Amino acid sequence: MHIFIAKNGSLSLREADNMRGFSIIEETPGNAAEALRAIAETAPENHFWIDADAVVAMSELREDVDWCAQFWTMLEKAEPYGFADLASRRVKAHVEAA
C-alpha cells in the first residue's frame, strides 16, 4: 500500500489491499513535504508520520469492515518496529521516487 503524490501534488492511495508494506511514492521528487502538509509531519531520514485516519479516508475500501480491520492490524504489527503509533493513530512511511 502506498500514498501516491502526483506531479500536481494530489494524493491517492494505491494498492490498498497490499497489507505487507506502506510507503509514499512521489512522481516529482521533493514534493512530499508540501503535498502531505495537511495529513503528516516530517520524521528523520526521509520519513513522515501520517495520520492513519486520513489514510483510511483516502481508501476506496474505507467502508469495508474487513479492510479496515486488516489496516489496523497491519499497524499493530508495525508498531513494535517503530512504524506505527496506535495511541496517536499514525503510521510512519518513507518516500520513494516513482
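Look up a bit, the structure's there.
In what follows, the accompanying structure is described.

Cut-offs used in this document
Counting restarts for each chain: residues are numbered from 1 in the order of the written sequence. At least 70 in pLDDT is required for a residue's local features to be given in this predicted model, at least 80 for side-chain atom pairs to be given and counted, and no such filter applies to totals for whole chains, interfaces and linings, which use all residues. For side-chain calculations, the full set of non-hydrogen atoms in the structure is used, while hydrogens and water are omitted. Grouping buried Ala, Val, Leu, Ile, Met, Phe, Trp, Tyr and Cys residues that are joined through side-chain atoms within 4.5 Å yields what is termed a nonpolar core. Residue burial is assigned from relative accessible area. The probe radius is 1.4 Å, only protein chains are included, and a residue is buried under 20% of its type maximum, exposed over 50%, and partly exposed in between. Each helix corresponds to a stretch of at least 4 residues labelled H or I by DSSP, and each strand to a stretch of at least 2 residues labelled E; elements are numbered beginning at the N terminus. Residues are treated as being in contact if the distance between any of their heavy atoms lies within 4.5 Å. Ring pairs are drawn from Phe, Tyr and Trp, using the six-membered ring of Trp, whenever the two centres fall within 6.5 Å, and their geometry is named by plane angle: stacked under 30 degrees, edge-to-face over 60, tilted for the rest. Strand pairing requires that DSSP identify at least two bridges connecting the strands.

### Topic: the nonpolar core
And then number 1: In terms of nonpolar packing, the biggest core is built from 29 residues, with M1, F22, L36, I50, V55, W67 and F71 touching the most fellow members.
And then number 2: For this core, the secondary structure elements donating two or more residues are β1 (2-5), α1 (32-36), β5 (47-51), α2 (52-58), α3 (65-78) and β7 (90-97).
And then number 3: By residue number, the principal contributor to this core is α3, which donates 6 residues.
And then number 4: Residue contacts for W67: discarding those within four places in its chain leaves M1, L13, A16, D17, M19, V56, S59, L61 and R62.

### A look at the packing of aromatic side chains
And then number 1: Scanning the entire structure with this criterion turns up 2 aromatic pairs.
And then number 2: When the ring of W67 is compared with that of F71, the centres are 5.5 Å apart and the planes differ by 15°; the resulting orientation is stacked. One end of the pair is W67 and the other is F71, both in helix α3 and 4 residues apart, which spans about a single turn. When sorted by exposure, W67 lands in the same class as F71, which is buried.

### Here we look at the pairing of β5
And then number 1: Counted residue by residue, β5 has 4 buried out of 5 residues, so it is predominantly covered.
And then number 2: Sheet topology note: the strand β4 (residues 40-43)/β5 ladder contains 4 bridges and is antiparallel. When the sheet's bridge partners are listed, T42 is paired in β5 with F48.
And then number 3: Here β4 folds back onto β5 in antiparallel fashion, the turn holding 3 residues, of which E45 has a positive phi close to 60°.
And then number 4: Of the pairings in the sheet, the one linking β5 to β7 comprises 5 bridges and is antiparallel in character. Bridge pairing in β7 links D51 to R90.

### Focus on unusual backbone geometry
And then number 1: Of note, E15 is a non-glycine position whose phi angle comes to about 55°, a positive value.
And then number 2: Mapping E15 onto the fold places it in the loop between β2 (11-14) and β3 (23-26).
And then number 3: Judged by its relative accessible area of 47%, E15 falls in the partly exposed class.
And then number 4: Positive phi outside glycine occurs at R89, with the angle close to 55°.
And then number 5: Position of R89 among the secondary structure elements: in the loop between β6 (84-85) and β7.

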